[in-house]
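Descriptive analysis of the structure
One-letter residues, chain by chain:
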Amino acid sequence: MDEPAVELLSRLWEEHVQRAFPPHLRGRDIDGEDLVLLDAFTAGGVSSVLSGHLDENRRGTLLVCLAALEKVLPSLGDEGGGAEYYERLHEMAVLAAELGNARPR
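Because the structure is predicted, anything quoted here is derived from the model rather than measured. (Residues numbered from 1 in each chain as written. Predicted model: local features only at pLDDT ≥ 70, side-chain atom pairs only at ≥ 80, totals over all residues. Heavy atoms only, no water.)

**A look at the environment of Glu-56**
With respect to the helices and strands, Glu-56 occurs in helix α3 (residues 56-72). Look at Glu-56 and you get partly exposed, because its relative accessible area is 47%. C-alpha of Glu-56 to C-alpha of Phe-21: the two residues are 35 residues apart in sequence and 27 Å apart in space. (Helix = DSSP H or I, 4+ residues; strand = E, 2+ residues; numbered from the N terminus. Buried < 20%, exposed > 50% of the residue type's maximum accessible area, 1.4 Å probe, protein only.)

**Description of helix α2 (residues 35-51)**
Between its first and last C-alpha atoms α2 spans 24 Å; for 17 residues at 1.5 Å apiece the expected length is 24 Å, and the two agree. All of the buried residues along α2 are Leu-35, Leu-38, Asp-39, Thr-42, Ala-43, Gly-45, Val-46, Ser-48 and Val-49. At the N-terminal boundary of α2, the capping side chain belongs to Asp-34, with an oxygen 2.9 Å from the backbone nitrogen of Val-36. Of the residues one or two after α2, Gly-52 is the one with positive phi, at around 80 degrees. (Expected span 1.5 Å × (residues − 1). Polar contact = N/O pair within 3.5 Å; in protein donor to acceptor, adjacent residues only side chain to side chain.)

**Examining the nonpolar core**
Formed by 32 residues in total, the largest nonpolar core has its most connected members in Leu-9, Leu-35, Leu-38, Val-49, Leu-76, Tyr-86 and Met-92. Contributing elements (two or more residues each) for this core: α1 (3-18), α2, α3 and α4 (82-102). Looking at this core, the element that brings in the most residues is α4, giving 10 residues. (Core = buried A, V, L, I, M, F, W, Y, C linked by side-chain atoms within 4.5 Å.)

**Section: the pattern of salt bridges**
Inspection of the entire model under this criterion finds six salt bridges. Residue Glu-84 pairs with Arg-88 through a salt bridge whose shortest N-O separation is 3.3 Å. Here Glu-84 and its partner Arg-88 are both found in helix α4, four residues apart, which amounts to about one turn of the helix. Judged by relative accessible area, Glu-84 falls into the partly exposed class, the value being 45%. A relative accessible area of 7% places Arg-88 in the buried class. One network of salt bridges, with partners in common, ties together Arg-11, Glu-15, Glu-84 and Arg-88. (Salt bridge = Lys/Arg side-chain N within 4 Å of Asp/Glu carboxyl O.)

**Here we look at the environment of Asp-39**
By the element assignment, Asp-39 lies in helix α2. Overall, Asp-39 belongs to the buried group, its relative accessible area being 13%. When the C-alpha positions of Asp-39 and Tyr-86 are compared, they lie 8.0 Å apart, and in sequence the two are 47 residues distant. Setting aside anything within four residues of it in sequence, one finds Asp-39 in contact with His-16, Phe-21, Tyr-85, Tyr-86 and Leu-89. Only 3.2 Å separates the side chain of Asp-39 from the side chain of His-16, close enough to count as a polar contact. (Contact = heavy atoms within 4.5 Å.)

**Quick look at α3**
The first and last C-alpha atoms of α3 sit 24 Å apart over 17 residues, in line with the 24 Å expected at 1.5 Å per residue. Taken as a whole, α3 has its buried residues at Arg-59, Leu-62, Cys-65, Leu-66, Ala-68, Leu-69 and Val-72. The residue sitting at the N-terminus of α3 and contributing the capping side-chain oxygen is Asp-55; that oxygen lies 3.2 Å from the backbone nitrogen of Asn-57.

**Some thoughts on the environment of Ala-97**
Structurally, the position occupied by Ala-97 is in helix α4. For the pair Ala-97 and Val-49, spaced 48 residues apart in sequence, the C-alpha to C-alpha distance is 8.3 Å. Setting aside chain neighbours within four positions, we find Ala-97 in contact with Leu-62, Leu-63 and Leu-66.

Here's what the structure looks like:
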C-alpha cells in the first residue's frame, strides 16, 4: 500500500471530522443526490478503507458516491463552505477508492 496516500487520506479524514456539516446543505438535493446521505455514505467508505475493512459492498457504495460527488460538485457554490467541504469529501473518496483497489480482495 502506498504510505503517502494513506497518510494523506488520514490527514484529510481528521480535517473532515473536525468540520461541521454545512447547515445550509441539510435537506438539500442536487440532481437526485441527497447531500447528507452522500456525506454519510462516503465517510463510511473512507472509514472502512482506513480501518482495513473495505468489503465488496462498501467498495461498490464508495464508487457510487464518487460518481455522485463528481455530479454535484459543479452545482455547489462557495456559500457557507459547502464547496470546500464537498471538495475534501471528493478528494478522500478518490484516495479511498485507489487504496481500496490496491488491497487484496
